[in-house]
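# Structure at a glance
The chain contents come next:
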Amino acid sequence: MRDVLFAPVRLGGIDLANRIVMAPMTRDRAGPGDVPTDAMVEYYAQRASAGLIVTEGVQPSAAGKGYWRTPGIHTPEQVEGWRKVAEAVHARGGRIVMQLMHCGRAVVPANRGFEAEVIAPSALPCPVQVPGPDGTPMDTAMPRALSAGELPALLEEYAAAASNAVAAGMDGVELHCASGYLINQFLNPASNLRTDEFGGSAENRIRFPVMVLKALADAIGGDRVGFRISPGNPYNGMDPSDPQGTFAPFAKAADALGLAFLHVVDMGLDGLDTLAMLRANWSGPIIANNNLKADSARALLEAGRAEAVSFGRAFIANPDLVERIAAGAPLAKADFALLYTGEERGYIDYPPM
Ligand SMILES: Cc1cc2nc3c(=O)[nH]c(=O)nc-3n(C[C@H](O)[C@H](O)[C@H](O)COP(=O)(O)O)c2cc1C
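Residues numbered from 1 in each chain as written. Predicted model: local features only at pLDDT ≥ 70, side-chain atom pairs only at ≥ 80, totals over all residues.

### Quick notes on the overall build of the protein
Put simply, the rule is: Helical segments are the DSSP runs of H or I of at least four residues, strand segments are the runs of E of at least two, and each set is numbered from the N terminus. Put simply, the radius of gyration uses C-alpha atoms, and a globule should come to 2.2 Å times the residue count raised to 0.38. Counting other C-beta atoms within 10 Å of its own, a residue is labelled buried from 20 upward, exposed at 12 or fewer, and partly exposed in the gap between, with every C-beta atom placed from the backbone. Once C-beta atoms have been placed from the backbone, residue pairs whose C-beta atoms lie within 7 Å are recorded as contacts.
When you go through the protein residue by residue, the secondary structure sums to eleven helices and 14 strands. For 353 residues, the compact-globule estimate of 2.2 N^0.38 gives 20 Å, and the C-alpha radius of gyration of the protein, at 19 Å, lies within 12% of that figure. With the C-alpha coordinates of the protein rotated into their principal frame, the extents come out at 55 × 45 × 35 Å. Of all 353 residues assigned to the protein, the portion counted as buried reaches 51%. Pairs at least 24 apart in sequence give 73% of the contacts found in the protein among residues at least 6 apart.

### Topic: the site of the ligand
Keep this limit in mind: A molecule or strand has a residue near it when that residue's C-beta atom, placed from backbone coordinates, lies within 6 Å of it. Lys, Arg, Asp and Glu make up the charged group, whereas Ala, Val, Leu, Ile, Met, Phe, Trp, Tyr, Cys and Pro make up the nonpolar group; the residues left over, Gly among them, are polar.
Among the 22 residues in the neighbourhood of the ligand, the closest are listed as Ala-23, Thr-26, Gly-57, Gly-312 and Arg-313. At the level of secondary structure, the elements contributing two or more residues to the shell around the ligand comprise β4 (52–58) and α10 (313–317). A class-by-class count of the residues in the shell around the ligand yields ten nonpolar, nine polar and three charged.

### Quick look at unusual backbone geometry
Phi is mostly negative for residues that are not glycine, and the peptide bonds are mostly trans. Positive phi values are uncommon outside glycine, yet Arg-69 reaches one of about 55°. Relative to the helices and strands, Arg-69 resides in the loop between β4 and α2 (76–91). One non-glycine residue with positive phi stands out, namely Asn-291, at about 60°.

### A few points about the packing of helix α1 (residues 38–46) against α2
The following threshold applies: To get an axis, a line is fitted to the C-alpha atoms, and for a helix only the part in contact is used. The angle between two axes follows their N-to-C directions and goes from 0 to 180 degrees. Oblique is the label for every angle not falling under 35 degrees (roughly parallel), over 145 degrees (roughly antiparallel), or within 65 to 115 degrees (roughly perpendicular). Two helices cross in a left-handed way if the nearer one is turned anticlockwise from the farther one by less than a right angle. They cross in a right-handed way if the turn is clockwise.
With their axes 8 Å apart at the nearest point, α1 and α2 run at an angle of 25° to one another. Considering their axes alone, α1 and α2 lie roughly parallel with respect to each other. Considering the relative orientation of α1 and α2, their crossing is right-handed. Contact residues: α1 offers Met-40, Val-41, Tyr-44 and Ala-45, while α2 offers Lys-84, Val-85, Ala-88 and Val-89. Its residues assigned to classes, the contact of α1 with α2 comprises seven nonpolar, no polar and one charged.

### Comments concerning helix α7 (residues 243–255)
Cut-off, in case you're wondering: Multiplying 1.5 Å by the helix residue count minus one yields the expected span of that helix.
Its 13 residues place the ends of α7 18 Å apart at the C-alpha level, agreeing with the 18 Å of an ideal helix rising 1.5 Å per residue. Where α7 is buried, its residues meet α4 (182–187), α5 (202–205), α6 (207–220), β11 (225–229), β12 (261–265) and α8 (274–279).

### Details of the pairing of strand β5 (residues 96–100)
Consecutive residues of a regular strand have side chains that alternate between opposite faces of the sheet. In plain terms, the rule: By this definition, two strands are paired if DSSP reports at least two bridges between them.
Burial runs high along β5: five of the five residues are buried. Residues Ile-96, Met-98 and Leu-100 point to one face of β5 and Val-97 and Gln-99 to the other, with burial holding for every one of them. Bridge count for β4 against β5 is four bridges, and the pairing is parallel. The residue bridging Val-54 from the neighbouring strand is Val-97, located in β5. Bridge count for β5 against strand β10 (residues 172–176) is four bridges, and the pairing is parallel. Each bridged residue has a counterpart across the sheet, and for Met-98 the counterpart in β10 is Val-173.

Quick look at the structure:
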């Protein structure tokens, strides 16, 4: 019988040759101006046998940058850089979507290399430190609370970023709604103390995130827009209690937009079957992630709990992860000291089997 991991699948308007997705991974190797480098082109091209690549988090605006050397998609030079990435992946038969990641309050200003405001739903600093330029954790900046009147401009920034991604040749975008960044800061009651229609009840907290998804869909077509959530993840100061209370209505509201996929970091929560909860509220394709191995990934697909599966860390040292899984070959181990440093070392020098 054919291995379900290698069965083609369609996510909205994006055709995948197999169901193995490369999860988004920040690697801190963008060049001056936060422009993708030739090494990044090579890195993604090496991994093009994935059914789909989700790029590292990419800031839609200068204010969205929180980490050291993360790439952007808001200048012409950045668009040209990403064009080379998309072309190289497509030349090898792959598919690639760009993860749009606005850090909101999770910002160490020294990581930026320029002056820009730090904004968030409420004026509450990220309670945990974030790695600074040399990787040492540093305090984040105090954010300024966004006024409701500023939100339309933010929607325009997101829409422009998605249009830029498509202009660069990307197959679509994934909105980062996970891990305590801007969208998650709106969703979560620990970071959102707003008293207007964007805070308080779950219905209010999901309002801006849904508006962003709608703006992305209006800009490039809903069948090229996915989103990523991590219900119950406490990362970056999120309150992990009652994930269902927020993410069931969020998935349901997003479902009405006809989007391409929902990508979920399944935290393996006690007392909540996250995948089943999402299945009940979302009718589109699900990409499941977190701590998967080939066998557990296959089991999820065979049970119909997800349409695709994503691997993060396994792709670092295994550019040919898809071929290795197909061959039942052992996986190489990554040098985690070189995750965010080392330029080409620990990045594009992992050989195929
Ligand atoms: C080095 C590294 C960087 C990451 N950067 C991002 C990111 O930019 N955006 C995101 O949504 N998740 C990010 N993640 C989380 C991964 O996408 C994934 O959810 C996580 O590694 C769990 O999957 P795995 O068990 O297959 O590694 C990152 C993980 C790692 C290891």
